[in-house]
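# Coordinate inspection notes
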Amino acid sequence: MPREAGRVLLVGAGPGAADLLTVRALRAVETAQALLYDALVCDEVVALAPRACLKIRAGKRSGKASMAQAEINQLMLTLARRGLRVVRLKGGDSSVFGRSGEEAAFLRERGVAVEVVPGITAASAAAAEFGFPLTHRGGAARVVLATARRDGGGFAGAELEALADPATTAVLYMGREVAAAASASLIRAGRSPATPVLVVENAGRPGARAVRTTLDALAPAAGDRDGPTLIVIGEVAALAKSPALVDLRPFEEGVAIAQLAV
Ligand code: SAH
């Protein structure tokens, strides 16, 4: 019999609020013996792990790694081989810009069993929080989860074609710093400058807020923000609303602010 090489659970923590964990994810966290969590995971979720659980912040934020990926991989391997119940907890869904593919491959190649527990990705949380759908009959036939970070915000080839199509809802992850380049690239490819855009910060977390604008005015709206921010481009952004919306009015530059009441 080969030696049992351990097991790691790759768990999506959802957008932040603890009640947006799946029941399966909650069970995984509550029974973890070692928890490696990313910066986007809220404290209230980490606090659900047992007191005796080894809790390690392995988080990255905007590319600033507090621990190198190779180090995280090695740590998971070591802990799993010691027979601990290891939970790798990531914001949102670990299969969406979460490196779950790389981590799973690293572990499986070394004989460690990997189980994936899905989570609510930020795009779904943003849609729920601000009351709009990601697809919409008649107008938004598809949703593309993309990152504007790669290549400094420019898109190319088939990806650009899909994102520039008026029937696409484009959700840009990690897009704040490259918002200007992303908007210019899409407009050059033929997407209307008047396309509605919603910039959503802290979806499904405390301090959620959204700014509604248009594609040609995206850069100033993306502005300076502290929280994780998504950019939703497409007709569905015009449907955004919230019962807690306190302000939704055009500013001089045509930017409307939608802010959640506290
Ligand atoms: N796996 C995550 C995404 C990780 S990439 C998921 O499925 O949601 C990190 C990027 O996700 C951030 O830069 C931001 O663009 C987006 N993001 C993550 N959580 C968010 C949140 N609560 N609100 C808005 N955007 C979020």
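Residues numbered from 1 in each chain as written. Predicted model: local features only at pLDDT ≥ 70, side-chain atom pairs only at ≥ 80, totals over all residues. Heavy atoms only, no water.

### What about the overall build of the protein?
Across its full length, the protein carries eight helices and 13 strands. Looking at the protein as a whole, 51% of its 262 residues are labelled buried. Entry remark: accessible area of the protein is about 12400 Å², with carbon and sulfur atoms responsible for 54%. (Helix = DSSP H or I, 4+ residues; strand = E, 2+ residues; numbered from the N terminus. Buried < 20%, exposed > 50% of the residue type's maximum accessible area, 1.4 Å probe, protein only. Areas by Shrake-Rupley, 256 points an atom, 1.4 Å probe, with all protein chains shown as cover.)

### Section: the site of the ligand
Around the ligand, the structure places 18 residues, and the nearest of them are Val96, Thr121, Met174, Ala203 and Thr229. Measuring from a nitrogen atom of the ligand, one finds a backbone N or O atom of Pro15 at 3.5 Å. Side-chain polar atom of Thr121 to an oxygen atom of the ligand: 2.6 Å apart, as the coordinates give it. Contact with the protein chains hides 91% of the accessible area of the ligand, taken as 540 Å² for the molecule alone. (Near = heavy atom within 4 Å. Polar contact = N/O pair within 3.5 Å; in protein donor to acceptor, adjacent residues only side chain to side chain.)

### Remarks on the packing of aromatic side chains
Inspection of the entire model under this criterion finds one aromatic pair. With a centroid separation of 5.3 Å and 55° between ring planes, the pair formed by Phe97 and Tyr173 is classed as tilted. In this pair, Phe97 is assigned in the loop between β6 (85–90) and α4 (100–109) and Tyr173 in strand β9 (residues 168–173), connecting sequence segments 76 residues apart. What makes Phe97 partly exposed here is its relative accessible area of 41%. (Phe/Tyr/Trp six-rings, centres within 6.5 Å; stacked < 30°, edge-to-face > 60°.)

### Describing the packing of helix α3 (residues 69–81) against α4
At their nearest, the axes of α3 and α4 sit 10 Å apart, and the two run at 45° to each other. On the basis of their axis angle, the class for α3 and α4 is oblique. Between α3 and α4 the crossing geometry is right-handed. Counting all contacts with α3, which are made through Gln69, Ile72, Asn73, Gln74, Met76 and Leu77, the residues of α4 involved are Glu102, Glu103, Phe106 and Leu107. Of the residues contributing to the contact of α3 with α4, the split by class is five nonpolar, three polar and two charged. (Axes fitted to C-alpha atoms, helices over the stretch in contact; angles between N-to-C directions. Parallel < 35°, antiparallel > 145°, perpendicular 65-115°, else oblique. Left-handed = near helix turned anticlockwise from the far one by under 90°. Contact = heavy atoms within 4.5 Å. Nonpolar A, V, L, I, M, F, W, Y, C, P; charged D, E, K, R; others polar.)

### Concerning the pairing of β9
Within β9, six of the six residues are buried, leaving the element largely enclosed by the surrounding structure. A two-sided burial pattern is seen for β9, the buried positions comprising Thr168, Ala170 and Leu172 on one face and Thr169, Val171 and Tyr173 on the other. Pairing of β9 with strand β12 (residues 229–233) involves three bridges; the strand directions are antiparallel. When the bridges of β12 are listed, Ala170 appears paired with Ile233. (Pairing = 2+ DSSP bridges.)

### A closer look at the confidence of the model for the protein
Residues of the protein with pLDDT of at least 70 account for 88%, and the chain-wide mean is 88. The secondary structure element of the protein with the lowest average pLDDT is strand β13 (residues 256–259), at 44, and the one with the highest is helix α1 (residues 23–30), at 98. Confidence over residues 244–262 falls short of pLDDT 50; this stretch has 38 contacts with residues more than four positions distant or in other chains. (pLDDT = per-residue confidence, 0-100.)

### Section: the sheet that holds strand β3 (residues 54–57)
The strand order across the open sheet formed by five strands is β3-β2-β6-β1-β7, and the pairing between neighbours is parallel. A strand with exactly one partner marks an edge of an open sheet, and here the two such strands are β3 and β7 (113–117). Ignoring which end each strand starts from, the neighbouring axes of this sheet average 20° apart. The sheet contact formed by strand β2 (residues 34–37) and β6 spans four bridges and is parallel. Residue pairing across strands places Ala34 opposite Val86, the latter belonging to β6.

### Some remarks on the pattern of salt bridges
Pairs may arise between side chains of opposite charge once their charged atoms sit close together. Counted by the stated rule, this structure contains nine salt bridges. With its nearest N and O atoms 3.5 Å apart, the salt bridge here joins Arg110 to Glu109. Relative accessible area serves as the criterion here: at 33%, Arg110 is assigned to the partly exposed category. Taking the relative accessible area as the measure of exposure, Glu109 reaches 62% and is therefore exposed. One salt-bridge network, held together by shared partners, links Asp38, Arg88, Lys90 and Glu103. (Salt bridge = Lys/Arg side-chain N within 4 Å of Asp/Glu carboxyl O.)

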